[in-house]
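Structural features, examined
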Amino acid sequence: ISGPNTGGKTATLKTVMLTILFAKNGLYIPASSAQIHLYENLFYFGNDGQNLPDGLSSFAAEVLNYTDLFENLGRSNLIVIDEIFNSTSSEEASALAISLFNELITLGKNHLLVSTHHQMLKTYIHQDERFISAHVGFDINENKPTYKLIYGLPGSSQALKIFSLLTVKNPINKAIFDNALKVLDKKMVSYEALLE
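Residues numbered from 1 in each chain as written. Predicted model: local features only at pLDDT ≥ 70, side-chain atom pairs only at ≥ 80, totals over all residues. Heavy atoms only, no water.

1. Considerations on helix α3 (residues 90-106)
- Here α3 spans 24 Å end to end across 17 residues, near enough to the 24 Å set by a 1.5 Å rise per residue.
- Turning to α3, its buried residues number three or more, namely Ala93, Ser94, Ala97, Ile98, Leu100, Phe101 and Leu104. The arc that holds the buried residues of α3, viewed along the axis, is 165 degrees, so those residues lie on one side. Opposite its buried face, α3 presents the exposed residues Glu91 and Thr106, each directed more than 90 degrees away.
- Of the surrounding secondary structure, the elements contacted by the buried residues of α3 are α2 (58-72), β2 (76-81), β3 (109-114) and α4 (119-127).
- Gly108 occupies a position one or two residues after α3 and carries a positive phi of about 90 degrees. (Helix = DSSP H or I, 4+ residues; strand = E, 2+ residues; numbered from the N terminus. Expected span 1.5 Å × (residues − 1). Buried < 20%, exposed > 50% of the residue type's maximum accessible area, 1.4 Å probe, protein only. Arc of directions from axis to C-beta. Contact = heavy atoms within 4.5 Å.)

So, in structure tokens, the structure goes:
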């Protein structure tokens with residue numbers, strides 16, 4: 001799942017995880033009807049595990065989480081990851097995420113639900129028939145989520161537009177926004193515009 005910040009990616013991941021946890025524990029779920037697979041194991045990765053006393057950066061903590069994941073996989077697993085490898089370079093993060101996904105899908109019945117802003121990862125997932133690309137809807141004029149999940153296409157992060165809307169009352173906003181546009185690669189601007 002991709003799309004803008006504040007678009008509902010994290011809320012979607014948490015809703016899916018909580019719904020399956022409710023069903024697995026015999027609680028009512030927030031739906032009039034549903035088909036739910038009751039996985040043997042559920043894994044949710046969504047918090048920054050940075051631990052300075054132990055010498056763990058955000059990235060190092062995330063890597064250790066995935067090492068532990070491989071040691072605890074069961075026969076069927078749902079693995080939910082919010083903002084995968086968000087604390088390192090986008091290209092390396094995408095390469096690591098793709099490799100992680102490829103390894104996980106060869107090890108039994110593992111389903112992945114992942115959110116990301118990484119463009120290389122979004123493009124790869126969209127082109128690989130083993131995965132489903134989706135994005136959250138966002139009304140840029142109202143600056144709020146539509147609470148719709150759109151399947152089949154990756155979504156734009158819309159960071160520049162959201163930055164501009166949130167800082168419109170600050171006079172420095174225009175200079176920062178204009179300079180950010182100059183810094184961005186033209187291909188990247190075109191890619192984001194295409195996703196929009």
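2. A closer look at a nonpolar patch on the surface
- Taken together, the side chains of Leu18, Leu21, Phe22 and Leu27 make up a nonpolar region of the molecular surface, amounting to roughly 330 Å² of accessible area.
- Relative to the helices and strands, Leu18 resides in helix α1 (residues 9-24).
- Looking at Leu18, the relative accessible area reads 44%, which means it is partly exposed. (Patch = residues over 30% accessible without salt bridge, like charges linked within 9 Å, V, L, I, M, F, W, Y side chains within 5 Å. Areas by Shrake-Rupley, 256 points an atom, 1.4 Å probe, with all protein chains shown as cover. Salt bridge = Lys/Arg side-chain N within 4 Å of Asp/Glu carboxyl O.)

3. Here's the deal with the side chain of Ser115
- Mapped onto the elements of the fold, Ser115 is located in the loop between β3 and α4.
- Within the structure, the side chain of Ser115 is placed 2.8 Å from the backbone nitrogen of Glu83, a separation counted as a polar contact.
- Leaving out residues up to four positions away in the same chain, Ser115 has contacts with Ile1, Lys9, Leu13, Ile81, Asp82, Glu83 and Ile84. (Polar contact = N/O pair within 3.5 Å; in protein donor to acceptor, adjacent residues only side chain to side chain.)

4. A closer look at the sheet that holds β3
- Taken in spatial order, the 3 strands make up an open sheet running β1-β2-β3, and their pairing is parallel. Because the sheet does not close on itself, it has two edges, and the strands there are β1 (41-45) and β3. Each strand of the sheet is rotated relative to its neighbour by a mean of 15 degrees, with strand direction disregarded.
- Bridging between β2 and β3 involves 6 bridges; their strand directions are parallel. Bridged to Ile79 within β3 is Leu112.
- In this fold α1 packs onto β1, β2 and β3, with an angle of close to 155 degrees to the strand it touches most, β1.
- Seen against the sheet, α3 touches β2 and β3 and runs at an angle of roughly 150 degrees to β3. (Pairing = 2+ DSSP bridges. Axes fitted to C-alpha atoms, helices over the stretch in contact; angles between N-to-C directions.)

Limitation: the analysis is restricted to geometry and does not speak to function.
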